[in-house]
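In case you want the letters, here they are:
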Amino acid sequence: MTEYKVAILMGSPNDRPKMEPAADTLDAFGILADVRVMSAHRTPVQVAEFVSGARDAGYSAIICGAGMAAHLAGAAAAHTTLPVIGVPLSGGALNGVDALYATVQMPRGIPVATVAVDGAVNAALLVVQMLAISDPNLVEALVEDRAARAAVS
Ligand code: RP5
């Protein structure tokens, strides 16, 4: 079985409860989730350094969750050609609409695949689906996951 490593970044320790489902979902597929707190605004140098080295460090994708003026995913995408999945988080006066717009409205050439507000599980599943392009074992696991979701709906 191929071993994969995915980075899950979030802008604040307060984002943890909303981003932990991404780590749990990756874990269910046997994918290592490396969860780290760093901010596009408070620790921009740390973001640039970590993301710039992420491909060479063996990461396959980067999931970024942030609320309010949520620039983390875009800032990460600026420093890597790895796929970056953005999770706009609810909270603040605008309760996630601000984070949604800030995350999804990227300029041409630097994409961020943005999921729903608080959509951490889908961010993880999207990464699994990307990895499954060249991994039949993950395809099988995704089919089983879909069947399990159908069974409880
Ligand atoms: C963003 O600002 C974080 O991602 C968080 O969602 C929001 C508020 O941060 P805290 O004030 O809770 O640290 O950078």
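Residues numbered from 1 in each chain as written. Predicted model: local features only at pLDDT ≥ 70, side-chain atom pairs only at ≥ 80, totals over all residues. Heavy atoms only, no water.

A.B. asks: Give me the lowdown on unusual backbone geometry, citing residues and values where you can.
C.D. replies: At M68, a position not held by glycine, the phi torsion is positive, near 55°. Following the sequence through the fold, M68 ends up in the loop between β3 (59-67) and α3 (72-77). Among the residues examined, M68 registers a relative accessible area of 52% and is labelled exposed. In this structure, D118 takes a positive phi of about 65° despite not being glycine. By secondary structure assignment, the location of D118 is in the loop between β5 (113-114) and α5 (120-132). Overall, the relative accessible area of 34% leaves D118 in the partly exposed class. (Helix = DSSP H or I, 4+ residues; strand = E, 2+ residues; numbered from the N terminus. Buried < 20%, exposed > 50% of the residue type's maximum accessible area, 1.4 Å probe, protein only.)

A.B. asks: Give a detailed account of the site of the ligand, specifying residues and quantitative values.
C.D. replies: G11, S12, N14, D15, R42, A66, G67 and M68 make up every residue found near the ligand. A distance of 2.7 Å is found between an oxygen atom of the ligand and a side-chain nitrogen or oxygen belonging to S12. The contact in question runs from an oxygen atom of the ligand to an N or O atom on the side chain of D15, over 2.6 Å. The protein chains hide 74% of the 360 Å² of surface that the ligand would expose on its own. Placement of the ligand is best described as lying within the largest pocket. (Near = heavy atom within 4 Å. Polar contact = N/O pair within 3.5 Å; in protein donor to acceptor, adjacent residues only side chain to side chain. Areas by Shrake-Rupley, 256 points an atom, 1.4 Å probe, with all protein chains shown as cover. 1 Å grid on protein atoms, 1.4 Å probe; cavity = no way out; pocket = protein on both sides within 12 Å on 5 of 7 lines; lining within 4 Å. Sits in = over half its atoms within 2 Å of the grid points.)

A.B. asks: Go over the packing of aromatic side chains with me, naming the residues and quoting the values.
C.D. replies: A full pass over the atoms with the stated rule returns one aromatic pair. Centre to centre, the rings of F50 and Y59 are 5.3 Å apart; their planes meet at 70°, and the pair counts as edge-to-face. According to the relative accessible area criterion, F50 is buried, its value standing at 12%. The exposure class of Y59 is buried, given its relative accessible area of 6%. Between the NZ or CZ atom of K5 and the centre of the ring of Y59, over which it lies, the distance is 4.3 Å. (Phe/Tyr/Trp six-rings, centres within 6.5 Å; stacked < 30°, edge-to-face > 60°. Lys NZ or Arg CZ within 6 Å of the ring centre and 35° of its normal.)

A.B. asks: Requested: an account of the sheet that holds strand β4 (residues 84-89), with residues and values cited.
C.D. replies: If you walk across this open sheet you meet the five strands as β2-β1-β3-β4-β5, and the pairing is parallel. With partners counted over all chains shown, the strands left at the sheet margins are β2 (32-37) and β5, one partner each. Bridge count between strand β1 (residues 5-10) and β2: six bridges; the pairing is parallel. Across the sheet, residue L9 finds its bridge partner in β2, namely R36. Of the strands in this sheet, β1, β2, β3 and β4 are in contact with helix α1 (residues 16-28), which crosses β1 at around 175°. Against the sheet, helix α2 (residues 44-52) engages β1, β2 and β3, with an angle of about 170° to β1. (Pairing = 2+ DSSP bridges. Contact = heavy atoms within 4.5 Å. Axes fitted to C-alpha atoms, helices over the stretch in contact; angles between N-to-C directions.)

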